[in-house]
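Residue-level listing of the chains:
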Amino acid sequence: MFRISTLLVFLLCTVQLRAQNRICGSADHLHDMELSSPAFQNARQLIEQQTQAYVNNTANPQRSTITIPVVVHVVYRLASENISDAQIQSQINILNEDFRKLNPDFNNTPAAFQNVAADCDIQFVLAKRTPNGDSSTGITRTQTTVTSFNMSNQVKYTATGGKDAWPANQYLNIWVCKLSNGLLGYAQFPGGAAATDGVVCSFRAFGNTGAALPPFNKGRTATHEIAHWLNVYHIWGDDAGSCNGTDLVGDTPNQGAEHYGCPSFPSISCNNGPDGAMFMNFMDYSDDACMSMFTQGQKSRMDALFIPGGARAALLNSLGAEYPSPACGIPSNINTVFVSENDALLSWDLVVGASAYPIRYRITGDTNWNVLTSSLNAYILGGLNAGTTYEYQLMSNCTSGQSAWSNTQTFTTNIPAPVCALPSNVQTNNITPTSVVISWDQAANSQGYTFRYRTSGSSNWLNIPVIQNNLNLNGLNANQAYEFEIENNCSFGNSGYTSTSTFSTLPVPVQVCSDNYENNNLRILATQIQTNSITNSMIRTALIMIILNSAQARPNQK
Ligand SMILES: [Zn+2]
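Fair warning: this is a prediction, and the values are worked out from it, not measured in the lab.

1. Quick notes on helix α3 (residues 38–56)
Inference 1: The end-to-end C-alpha distance of α3 is 27 Å, a good match for the 27 Å that 19 residues give at a rise of 1.5 Å each.
Inference 2: Among all positions of α3, only Arg44, Ile47 and Thr51 are buried. The buried side chains of α3 occupy one side of the element, clustering within an arc of 70° when seen end-on. Exposed side chains of α3 directed beyond 90 degrees from the buried face belong to Pro38, Ala39, Asn42, Gln45, Gln49, Ala53 and Asn56.
Inference 3: Looking at the packing, one finds that the buried side of α3 touches α2 (26–36) and α7 (296–304).

What follows is the structure, encoded as structure tokens:
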């Protein structure tokens, strides 16, 4: 009985101890990777050289805060492993405290170490866009049949029941899953393959709510693993307490083995008194509630990754933390609002994010487009040919790029309305005392003319319809001023009358005899008059004689 009880207590203690001790796989994982990959080993050496060069440079420029886009891949078999968004966000919040020295429990840091504590000036944000540029919560959820995962990276591949990484040069990948054998998490140090880059955390040791269990329910597992991912080693140098190991950081005291639970200050080992070991450093193995700081030296190692050429520098150019730009929409609701003979007014709906709208148009059937750009969501196309069919397309210009061209729209310009032209070039010719010839140019679309005239100053017109573009006007009074106007008559209307033109008929000519009258009346002395001729003679008042010397002769005028 006693033996059984003793055995039972021992088993319980073992289970309890295993459950309560922090187990980070990163150092072993790093060791395994270096053993299996000379290339990784070389990459690690190069990164360490860069890091030491940076750390030893006393003139490093001040940098601005680094924001790292994070994607959390939740890989779960049971619903309880499918942790909530709130649990994930609690972890992000904790990271943003711990890496900014904003954690409230920093006050628990012994005064002896506070002066080397660092604001690492790194913040984390759940990704707002996928690698494809689609909107994202920064969380993926993958159901798996895998009961639990270990450090074999099985969780990092969809094909093995996990979830493929997002591009490691744009995101920090964090896989959250059930881990076997009490493993709280492990990280891949810089220099490894992109497909496995990131950190893995137990769903029981992530954030400070939901499925997180004490004593690892304050989010320090992710803080610790991400520091590994940022090239920071365990503070005791992974030397199993030999005091020979180093974390390659100058301001962390050398210490023996890792600490578990919640040590009391000071914890002296390796002759590091009086202040002892920095067991409250995030890179020891203390419980979550007893961790509170990174050092300036640890921060420098992180910083070295982000200088030009640094192993994590590409993250500085990631757009993962930014909302995706709205797609540059194709203009819609396109209308040809108004068409005239030579213009067309186009309009369309505003496109969100568009700064301008390229327009291309052409006569339907032409090969080449005319291209122009409108800054508004309307445009008047000018200089068009009348009675012609055109086609056009629109696109949008956004800061994120251009949309595709819209569907083709068509319109036909108007045919000009026919004009019933006014008669022009009106001329008067061959004016006599009683007649005149009036002519004008043939007017467009004429089917005839209305000619009207009157003596100047009178009120009534005399209308004469005319077919041709001229008129022989007879029966006029001599020596009379006339005025006239002409109207073109078309099938679709009249031109209206021309402005008034005038002419005056000639006076009747005064006929004057040129010969002298005869002063005798003797027949034999009479002047001979030719037949069929006109003879002008003065007639004497005393005696009128008309002498004809021929039967055909007749007086015409006397
Ligand atoms: Zn670790």
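2. Some thoughts on the sheet that holds strand β11 (residues 378–381)
Inference 1: Pairing within the open sheet is antiparallel, and its three strands lie in the order β7-β8-β11. The open sheet is flanked by β7 (335–339) and β11, the only strands paired with a single partner. The sheet shows a mean angle of 20° between the axes of neighbouring strands, direction not considered.
Inference 2: Examined bridge by bridge, strand β8 (residues 344–347) and β11 share four bridges and lie antiparallel to one another. Looking at β11, one finds that Leu345 is bridged to Ile380.

3. Quick look at the packing of helix α4 (residues 85–98) against helix α6 (residues 220–229)
Inference 1: Interaxial distance between α4 and α6 falls to 9 Å at its minimum, and their mutual angle equals 60°. It follows that α4 is oblique to α6 by the angle criterion. As α4 packs across α6, the resulting crossing turns out to be right-handed. Taken together, the residues of α6 that come into contact with α4 (itself represented by Gln91, Ile94, Leu95 and Asp98) are Ala222, Thr223 and Ile226.

4. With respect to the sheet that holds strand β20 (residues 470–473)
Inference 1: Ordered in space as β16-β17-β20, the three strands form an open sheet in which the pairing is antiparallel. Where the open sheet ends on each side, the last strands, each with one partner, are β16 (427–429) and β20. For this sheet, the mean inter-axis angle between neighbouring strands, taken without regard to orientation, is 20°.
Inference 2: Pairing of β16 with strand β17 (residues 436–439) involves three bridges; the strand directions are antiparallel. When the bridges of β17 are listed, Gln427 appears paired with Ser439.

5. Description of the nonpolar core
Inference 1: Formed by 75 residues in total, the largest nonpolar core has its most connected members in Val70, Ile174, Val176 and Cys177.
Inference 2: It is strand β1 (residues 66–76) that provides the largest number of residues to this core, a total of seven residues.
Inference 3: When sequence neighbours within four positions are dropped, the list of residues in contact with Cys177 reads Val75, Tyr76, Glu81, Phe149, Val155, Val200 and Phe203.
Inference 4: Counting residues in hydrophobic clusters, the runner-up holds 17 residues, among them Ala344, Leu346, Trp348 and Ala354.

6. Looking at the environment of Asn217
Inference 1: Position of Asn217 among the secondary structure elements: in the loop between β6 (199–202) and α6.
Inference 2: Sequence-wise, Asn217 and Gln91 are 126 residues apart; in three dimensions their C-alpha atoms are separated by 9.6 Å.
Inference 3: If sequence neighbours within four positions are ignored, Asn217 has contacts with Asn208, Ala212 and Asp288.

7. Quick look at the pairing of β1
Inference 1: Burial of β1 is extensive: nine of the eleven residues sit out of reach of the surface.
Inference 2: Bridge analysis of β1 against strand β4 (residues 172–177) gives five bridges, and the strand direction is parallel. For Val71, the partnering residue across the bridge sits in β4 and is Asn173.
Inference 3: Examined bridge by bridge, β1 and strand β3 (residues 139–143) share five bridges and lie parallel to one another. Opposite His73, over in β3, you have Thr140 as the bridge partner.

8. Topic: α7
What sets the pattern is the α-helix's 3.6 residues per turn: residues three or four places apart point alike.
Inference 1: In terms of residue burial, α7 counts as a mostly covered element, since seven of its nine residues are buried.
Inference 2: Regarding α7, the residues found buried are Gln298, Lys299, Ser300, Arg301, Met302, Asp303 and Ala304.

Calculation criteria
- Residues numbered from 1 in each chain as written.
- Predicted model: local features only at pLDDT ≥ 70, side-chain atom pairs only at ≥ 80, totals over all residues.
- Helix = DSSP H or I, 4+ residues; strand = E, 2+ residues; numbered from the N terminus.
- Expected span 1.5 Å × (residues − 1).
- Buried ≥ 20, exposed ≤ 12 C-beta atoms within 10 Å, placed from the backbone.
- Arc of directions from axis to C-beta.
- Contact = placed C-beta atoms within 7 Å.
- Pairing = 2+ DSSP bridges.
- Axes fitted to C-alpha atoms, helices over the stretch in contact; angles between N-to-C directions.
- Parallel < 35°, antiparallel > 145°, perpendicular 65-115°, else oblique.
- Left-handed = near helix turned anticlockwise from the far one by under 90°.
- Core = buried A, V, L, I, M, F, W, Y, C linked by C-beta atoms within 7 Å.

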